[in-house]
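Tertiary structure, described
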Protein chains: 2
Amino acid sequence: LKSGLKIASVALALLGVNARLLGADPDPLAKRMGPIRGRLVREGLAKGQAFAMLTELCTTVGHRLSGSPGAAKAVAWAERTMKRAGLDRVRLEPVMVPRWVRGETETASYQSGAAKPDTPLSICALGGSVGTSSGGITAEVLEVRSFEELRAVGERAKGKIIFFNRPFDPGLFDPFAAYGGAVGQRGSGAIEAARAGGVAALVRSVTGRLDDVPHTGSMSYAGDVPKVPAAAVSTVGANRLSEALKADPRLRLTLALSCETLPDAPSSNVLGELVGSEMPGEVIVIGGHLDSWDKGQGAHDDGAGCVHAIEALRLLKAIGVRPKRTIRAVMFMNEENGNRGGIAYAAAARPGERAIAAIESDRGGGMPHGFSVGGGPAVLSAVSKWGPIFEPLQLDRFRAGGGGTDVAPLTAKGVPGFEIIVDTQRYFDYHHSDNDVLGEVHPRELELGAIAMALFSYTMAEDGLPAVKRP
Amino acid sequence: LKSGLKIASVALALLGVNARLLGADPDPLAKRMGPIRGRLVREGLAKGQAFAMLTELCTTVGHRLSGSPGAAKAVAWAERTMKRAGLDRVRLEPVMVPRWVRGETETASYQSGAAKPDTPLSICALGGSVGTSSGGITAEVLEVRSFEELRAVGERAKGKIIFFNRPFDPGLFDPFAAYGGAVGQRGSGAIEAARAGGVAALVRSVTGRLDDVPHTGSMSYAGDVPKVPAAAVSTVGANRLSEALKADPRLRLTLALSCETLPDAPSSNVLGELVGSEMPGEVIVIGGHLDSWDKGQGAHDDGAGCVHAIEALRLLKAIGVRPKRTIRAVMFMNEENGNRGGIAYAAAARPGERAIAAIESDRGGGMPHGFSVGGGPAVLSAVSKWGPIFEPLQLDRFRAGGGGTDVAPLTAKGVPGFEIIVDTQRYFDYHHSDNDVLGEVHPRELELGAIAMALFSYTMAEDGLPAVKRP
């Protein structure tokens, strides 16, 4: 029986099940972390600063595409906010970033029917797109749902505006799976349109919400085909255009964009930390990206992630604990269109220190549920043992996975990557659009994200992680 | 080793851990339920009707306090919606309900300072309160935070309006715990005020949100003290009044309410079901309450719960399964101020049938996470074995607990009670106020609640529950 219980207990520990439920003693770490969790919750929920920080970012800075005046103001906001929060060694690390500007003009309309009235569509340029000539492009429209369908069309695509109208699949439980299934037409639509002989790409906004707000995002060009302009159309607009095409397949659409790419511009990552008391050279990076698309206020994407990290460290300081290992908040610049900040951070020489983990928050300010865990099974097993620490806040969903884009250059060097798991059922309603504003973030949900980041990074700073083989 | 593994496996099963993670075979029920879960998700998220149903209830009926014309329209809505959803044996069960009406007048203002300008406060009568005389009550105000504080005041309370200003504790993770800590002054404030010699009770709205919207709710009188009028003041108003009292403790407040209690009125519970294919006499009740307070649209409280139940049965029908046991949706009337519907449902003779479970949804339309489980450890253990069925939808939080108010008369008779666990961080922002409107409900979160109710009730209908001793 004794060996049976031991096996059961090991199995349960591997799965993060609270051993107390079986009558075993709680482990010393869980015992010690209980009161700290309690103080984090009280400090955060009763006196938290996360929503106030985000309010300042959204209302005094607003959106902040890399290289823009907004991004420069965001860097100043992050530095000021970290200093105000009492972080150690607040500093900027310079990085050159791409500079794409939307310009004044982005319109689309189609002319169909006998009287050929001009019907406007709600569109916006995709990030990185070339502009049109000043009068715009006027052409017939070819609607497709996939690249396969486009390739099968052959000659009929030539000279046309290719309208990629594959919807976000609402039938999937995980909105990121739906996003993954639809975002390819945004990222590669211009390449595929040009390859087929098309003159522009018009892409259904990658969202499950039906409204008249277009959602921007990154797109690419390829060296072997011409660069054609690319824009997103709102989901309501996409449906309207699709209906109009059924009635009049020869209708003509005019697309005008004045966006352009300027030379790279100087910008910065912003860093601040709590220096570890025992192993200051072992660093846990926590962070999100400071840049946003040039729509809305970048409240969820990724103002929330920035605030999660700064507030996490402020909370730890406020309750008077100092981690054994260093926890560093990094506000990465340029996640949205180049990831130069993430690349620069990972490439920098940092004598005397070793990154032991990189924890990202880039899924918005929704209710937190746990963490996506990279670094392999040994790390997942170690983290799962912390389950009892996180269960009272319903933060104990630890899943194999890893970090987001900002920390990918670090994880490529062998640093285990992590990402906070938050509820994302609403996320793509807002993402990359004018819908992404402060009013869509709930103060308690945001603060609970910061509490989760504080508890997770602090637990890691105390307990460490198993060594991971570098690739 | 073999016996060790067996013990581990039993321990894990008891805790609802997915045995597949250990390499064991999934149990046959989980295997069979997997595809059913998949079809429920796809039908619900891609073609669900929950939000459309709630839209009709909120916009064509609106709020619906027991005995009001709105409540009568809600009964008709429920009957029509159940029939449209294809439920079996849709019917009304009559019940007499209390009839309290708010009337035209509910105002409060205070006069202080040299010029004695009249400063209005945003208030509303508490449900069940008596009105004031037509000119209102004008008196000095005594602010207290607790009944203990009021009792300690002694003679000073006489002739005053007692202002109960204990705030909702924002530092608690569970908003229902904060609600529980503050709602007593609403429920018993009028009794305690009268006992202390006060002339009225003015209660800080029971919400953590700071805004100018008062939140109503039920209150009681006692036989041995006079009935004094009772109203809720918005949190912003409560703070303003508290500040004003610091500056001028003798300020005078005028409260005017025209609410009154009329004779009991006829109303109905509304029932509809999927008749069980093998054990039709074993009935699983699922439901919420059809009545609401006479503020906002009763969208979260408890339109969401009504729609969860009806849509759950529509989903099961749409994917073409019929449960072995009967699953009955019950729209209970009068949860908010009397629970006459819940009492009547439990009291009715139902020859040839036996209720085996009662599953309530009365915590709003937020993201579902699992179920609160009554009936004791054997039931919790049986339900926890279903964990692998619910884990892919993150619905596997099964906690000891039980059902809500509507099903309490059933659970008092020994029927195991259950309640869906949803995220409630936003719930009390809306609860019992003009903030509780359709726009605060997210279509996917609402539909996922219906999917959760369908999956849980269907699994129970297939697998049954262990016998529970009647009290």
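This structure is a prediction, so every number in the text was calculated from the model and none was measured. (Residues numbered from 1 in each chain as written. Chains lettered and ligands numbered in written order. Predicted model: local features only at pLDDT ≥ 70, side-chain atom pairs only at ≥ 80, totals over all residues. Heavy atoms only, no water.)

**A short note on the overall build of chain A**
- A tally of regular secondary structure across chain A gives 15 helices and 16 strands.
- Overall, chain A is about 80 × 50 × 40 Å in size when its C-alpha atoms are taken along their principal axes.
- Out of the 471 residues in chain A, the part that is buried amounts to 62%.
- Contacts in chain A between residues far apart in sequence, at least 24 positions, make up 83% of those at least 6 positions apart.
- For chain A, the accessible area works out to roughly 17,000 Å², and carbon and sulfur atoms hold 55% of it.
- If the 53 positive side-chain charges of chain A are averaged to one point and the 51 negative ones to another, these points end up 5 Å apart. (Helix = DSSP H or I, 4+ residues; strand = E, 2+ residues; numbered from the N terminus. Buried < 20%, exposed > 50% of the residue type's maximum accessible area, 1.4 Å probe, protein only. Contact = heavy atoms within 4.5 Å. Areas by Shrake-Rupley, 256 points an atom, 1.4 Å probe, with all protein chains shown as cover. Lys, Arg positive; Asp, Glu negative; His and termini not counted. Charge placed at Lys NZ, Arg CZ, Asp CG, Glu CD.)

**Let's talk about the packing of helix α9 (residues 299-318) of chain B against helix α15 (residues 443-463) of chain B**
Residue and element names in this part refer to chain B.
- Following both chains from N to C, one finds α9 and α15 inclined at 60 degrees, their axes separated by 8 Å at the closest point. One way to sum up the angle between α9 and α15 is to call them oblique. Here the hand of the crossing between α9 and α15 comes out right-handed. Taken together, the residues of α15 that come into contact with α9 (itself represented by Ala304, Val307, His308, Glu311, Ala312, Leu315 and Leu316) are Leu446, Glu447, Gly449, Ala450, Ile451, Met453, Ala454, Ser457 and Tyr458. (Axes fitted to C-alpha atoms, helices over the stretch in contact; angles between N-to-C directions. Parallel < 35°, antiparallel > 145°, perpendicular 65-115°, else oblique. Left-handed = near helix turned anticlockwise from the far one by under 90°.)

**Quick word on the sheet that holds strand β6 (residues 161-164) of chain B**
All names here are of chain B.
- Spatially, the 8 strands line up as an open sheet ordered β3-β2-β9-β5-β6-β7-β8-β4, and their pairing is mixed. Among the strands making up the open sheet, the edge pair consists of β3 (118-121) and β4 (123-125). With strand direction ignored, the average angle separating the axes of adjacent strands in the sheet is 30 degrees.
- Pairing between strand β5 (residues 137-144) and β6: 4 bridges, direction parallel. Following the sheet pairing, glutamate 143 is matched in β6 by phenylalanine 163.
- Packed onto the sheet, helix α7 (residues 184-195) meets β6, β7 (200-204) and β8 (230-233) and runs at close to 155 degrees relative to β7. (Pairing = 2+ DSSP bridges.)

**Digging into the sheet that holds strand β16 (residues 417-422) of chain B**
Residue and element names in this part refer to chain B.
- Spatially, β1-β10-β12-β11-β13-β16-β14-β15 is the arrangement adopted by the 8 strands of the open sheet, whose pairing is mixed. Every other strand in the sheet has two partners, leaving β1 (88-101) and β15 (397-400) as the edge strands with one partner each. Ignoring which end each strand starts from, the neighbouring axes of this sheet average 25 degrees apart.
- Sheet analysis places strand β11 (residues 279-289) next to strand β13 (residues 354-360), joined by 6 bridges and oriented parallel. Across the sheet, the residue bridging to isoleucine 284 is alanine 357, located in β13.
- The strands touched by α9 within the sheet are β1, β10 (260-274), β11 and β12 (325-332), with β11 carrying the most contacts at an inclination of about 145 degrees.
- Along the sheet face, helix α10 (residues 340-347) touches β1, β10, β11 and β12 and points at about 135 degrees away from the line of β1.

**Topic: the pairing of strand β2 (residues 106-111) of chain B**
Residues and elements named next belong to chain B.
- Burial within β2 is extensive, with 5 of its 6 residues counted as buried.
- Of the pairings in the sheet, the one linking β2 to strand β9 (residues 252-257) comprises 6 bridges and is antiparallel in character. When the bridges of β9 are listed, glutamate 106 appears paired with leucine 257.
- Here β2 pairs with β3 via 4 bridges, running antiparallel. By the bridge assignment for β3, tyrosine 110 is matched with threonine 119.

**Concerning the environment of valine 373 of chain A**
- Within the secondary structure, valine 373 of chain A sits in strand β14 (residues 368-373).
- Residue contacts for valine 373 of chain A: discarding those within four places in its chain leaves Val379, Leu380, Val383, Phe398, Arg399, Ala400, Gly401, Gly402, Gly417 and Phe418 of chain A.

**Thoughts on the pattern of salt bridges**
- Summed over all chains, the structure comprises 66 salt bridges over all chains.
- The salt bridge partner of glutamate 273 of chain A is arginine 89 of chain A, with a shortest N-O separation of 2.9 Å. With glutamate 273 of chain A in strand β10 (residues 260-274) and arginine 89 of chain A in strand β1 (residues 88-101), the pair connects residues that are 184 residues apart, well separated along the chain.
- Taking relative accessible area as the criterion, glutamate 273 of chain A reaches 1% and is therefore assigned buried.
- One salt bridge connects glutamate 79 of chain B with lysine 83 of chain B, and the closest N-O pair in it is separated by 3.4 Å. Of this pair, glutamate 79 of chain B and lysine 83 of chain B both sit in helix α4 (residues 69-84), 4 residues apart, roughly one helical turn.
- Here glutamate 79 of chain B falls in the partly exposed class, since its relative accessible area comes to 24%.
- With relative accessibility at 51%, the residue lysine 83 of chain B sits in the exposed group.
- If you follow the salt bridges from partner to partner, you end up with Arg89, Arg91, Glu273, Arg328 and Glu353 of chain A in one network. (Salt bridge = Lys/Arg side-chain N within 4 Å of Asp/Glu carboxyl O.)

**Re the nonpolar core**
- With 78 residues, the main nonpolar core has Trp77, Ile286, Leu290, Met331, Phe418 and Phe456 of chain B as its most contacted residues.
- Among the elements that line this core, the one with the most residues is α15 of chain B, at 12 residues.
- Sequence-distant contacts of methionine 331 of chain B, defined by excluding residues within four places in its chain, comprise Ala78, Met82, Asn269, Val270, Gly288, Leu290, Cys306, Ala309 and Ile310 of chain B.
- Counting 77 residues, the second largest nonpolar core, distinct from the first, contains Val61, Val270, Ile389 and Val422 of chain A. (Core = buried A, V, L, I, M, F, W, Y, C linked by side-chain atoms within 4.5 Å.)

**Quick look at the side chain of aspartate 294 of chain A**
Residue and element names in this part refer to chain A.
- Note that aspartate 294 resides in the loop between β11 (279-289) and α9 (299-318).
- Engagement of the side chain of aspartate 294 in a polar contact is seen with the side chain of arginine 102, the distance being 2.7 Å.
- Those residues in contact with aspartate 294 that sit more than four places away from it in its chain are His63, Leu65, Trp100, Arg102 and Thr216. (Polar contact = N/O pair within 3.5 Å; in protein donor to acceptor, adjacent residues only side chain to side chain.)

**What to know about helix α4 (residues 69-84) of chain A**
All names here are of chain A.
- Taking 1.5 Å of rise per residue, 16 residues should cover 22 Å, and α4 covers 22 Å from first to last C-alpha, within 8% of that figure.
- Along α4, the positions that sit buried rather than exposed are Gly70, Ala71, Ala74, Val75, Trp77, Ala78, Thr81 and Met82. Looking down the long axis of α4, one finds its buried residues gathered within 165 degrees of arc, a one-sided arrangement. Of the exposed residues in α4, those oriented more than 90 degrees away from the buried face are Pro69 and Arg84.
- Its buried side turned inward, α4 meets α3 (50-61), β1, β10, α9 and β12 (325-332).
- Positive backbone phi, approximately 85 degrees, marks glycine 86, located one or two places after α4. (Expected span 1.5 Å × (residues − 1). Arc of directions from axis to C-beta.)

**Let's talk about the packing of aromatic side chains**
- If you walk through the whole model with that rule in mind, you get 30 aromatic pairs over all chains.
- A centroid spacing of 5.7 Å and a plane angle of 20 degrees characterise the contact between phenylalanine 176 of chain A and tyrosine 427 of chain A, whose relative ring orientation is stacked. With phenylalanine 176 of chain A in helix α6 (residues 175-182) and tyrosine 427 of chain A in helix α14 (residues 427-430), the pair connects residues that are 251 residues apart, well separated along the chain. Side by side, phenylalanine 176 of chain A and tyrosine 427 of chain A carry an identical accessibility label, which is buried.
- A centroid spacing of 4.9 Å and a plane angle of 70 degrees characterise the contact between phenylalanine 176 of chain A and phenylalanine 428 of chain A, whose relative ring orientation is edge-to-face. Here phenylalanine 428 of chain A lies in helix α14 and phenylalanine 176 of chain A lies in helix α6, a separation of 252 residues in the sequence. Of the two residues, phenylalanine 176 of chain A and phenylalanine 428 of chain A, neither departs from the other in class, the shared state being buried.
- Through a chain of ring-to-ring contacts, three or more aromatic side chains come together here, namely Phe371, Trp386, Phe390, Phe398, Phe418 and Phe456 of chain A.
- For arginine 350 of chain A, the ring lying beneath its charged end belongs to tyrosine 345 of chain A, and the centroid distance is 3.7 Å.
- Positioned above the aromatic ring of phenylalanine 176 of chain B is the side chain of arginine 363 of chain B, whose terminal nitrogen or guanidinium carbon lies 3.7 Å from the ring centre. (Phe/Tyr/Trp six-rings, centres within 6.5 Å; stacked < 30°, edge-to-face > 60°. Lys NZ or Arg CZ within 6 Å of the ring centre and 35° of its normal.)

**Some details on the confidence of the model for chain A**
- Per-residue confidence for chain A gives a mean pLDDT of 94, with 93% of residues at or over 70.
- Taken together, the stretch residues 1-23 of chain A has pLDDT below 50 and engages in 34 contacts with residues farther than four places along the chain or on a different chain. (pLDDT = per-residue confidence, 0-100.)

**Here's the deal with the pairing of β11 of chain B**
Residues and elements named next belong to chain B.
- As defined by bridge partners, β11 adjoins β12 across 8 bridges and the pair is classed as parallel. Along β12, the bridge assignment pairs valine 285 with arginine 328.
- Crossover handedness for the path β11 to α9 to β12: right-handed. (Right-handed = clockwise from strand over helix to strand, strands pointing away.)

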